[in-house]
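# Chains, contacts and geometry: an overview
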Amino acid sequence: DVVLAELGVELGDLLRRGRDEAVDVQLRDPRVGLPALFVAEYALTRQLAAWGVEPDGALGHSMGEHAAAVAVGAATLRDAVVGIGARAEAIGSAAA
């Protein structure tokens, strides 16, 4: 919820609609797609933790860097979300 509220992205509604061309178009926009990617990666780290799998270290690429940093306690979720928002907006603005 903090990710969605901070970034102003309605991923829950988008993902509940299922896969169709309109969803694909929205996810191609970096301002939507990058936060969506982070949410999926962060959710995976939380599910693994719920199963008792805790990392000794982590690495990632792009949004995975943020998810990895939060997973090992090197960054807070809020800090990651702020960084993702800035990056997604910059890339989205440059692509437009």
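As a starting point, this report considers the structure included with it. (Residues numbered from 1 in each chain as written. Predicted model: local features only at pLDDT ≥ 70, side-chain atom pairs only at ≥ 80, totals over all residues. Heavy atoms only, no water.)

### Here's the deal with unusual backbone geometry
The backbone of serine 62 sits at a positive phi, close to 60 degrees, despite the residue not being glycine. Mapped onto the elements, serine 62 comes out in the loop between helix H4 (30–50) and helix H5 (63–71). (Helix = DSSP H or I, 4+ residues; strand = E, 2+ residues; numbered from the N terminus.)

### Overview of H4
What sets the pattern is the α-helix's 3.6 residues per turn: residues three or four places apart point alike. With 21 residues, H4 ought to run about 30 Å at 1.5 Å a step, and its terminal C-alpha atoms sit 29 Å apart, in line with that. Residues of H4 that are buried include every one of Pro30, Val32, Gly33, Leu34, Pro35, Ala36, Phe38 and Ala49, and no others. One side-chain oxygen at the N-terminal end of H4 lies 2.9 Å from the backbone nitrogen of arginine 31; it belongs to aspartate 29. Following H4 by one or two positions, glycine 52 has its phi on the positive side, about 90 degrees. (Expected span 1.5 Å × (residues − 1). Buried < 20%, exposed > 50% of the residue type's maximum accessible area, 1.4 Å probe, protein only. Polar contact = N/O pair within 3.5 Å; in protein donor to acceptor, adjacent residues only side chain to side chain.)

### So, the side chain of histidine 66
With respect to the secondary-structure elements, histidine 66 resides in helix H5. The buried category is assigned to histidine 66, whose relative accessible area is 19%. Once residues within four sequence positions are removed from consideration, histidine 66 is found in contact with Phe38, Ala80, Gly83, Ile84 and Arg87. (Contact = heavy atoms within 4.5 Å.)

### Describing the nonpolar core
Judged by nonpolar contacts, Leu34, Phe38, Met63, Ala67, Val70, Ala80, Val81, Ile84 and Ala88 together constitute the single largest core of 9 residues. Mapped onto this core, the elements with two or more residues apiece are H4, H5 and helix H6 (77–95). In terms of residue count, the dominant contributor to this core is H6 (4 residues). Apart from the residues lying within four places of it in its own chain, the contact partners of alanine 80 are Phe38, His66 and Val70. With 5 residues, the next largest nonpolar core counts Leu11, Leu14, Val32 and Ala36 among its residues. (Core = buried A, V, L, I, M, F, W, Y, C linked by side-chain atoms within 4.5 Å.)

### Structural notes on the environment of glutamate 10
With respect to the helices and strands, glutamate 10 occurs in the loop between helix H1 (2–7) and helix H2 (11–16). Note on glutamate 10: relative accessible area 55%, which makes it exposed.

### Quick word on the pattern of salt bridges
If charged atoms from side chains of opposite charge come close, those side chains can pair. All told, the structure shown has 3 salt bridges when counted by the stated rule. The salt bridge involving glutamate 21 is made with arginine 28; its shortest N-O contact spans 3.7 Å. Both residues of the pair, glutamate 21 and arginine 28, count as exposed. Across the pair arginine 31 and glutamate 89 runs a salt bridge, and its minimum N-O distance is 3.8 Å. Here arginine 31 is found in helix H4, whereas its partner glutamate 89 is found in helix H6, with 58 residues between them in sequence. Look at arginine 31 and you get partly exposed, because its relative accessible area is 30%. Because the salt bridges share partners, they merge into one network encompassing Asp29, Arg31 and Glu89. (Salt bridge = Lys/Arg side-chain N within 4 Å of Asp/Glu carboxyl O.)

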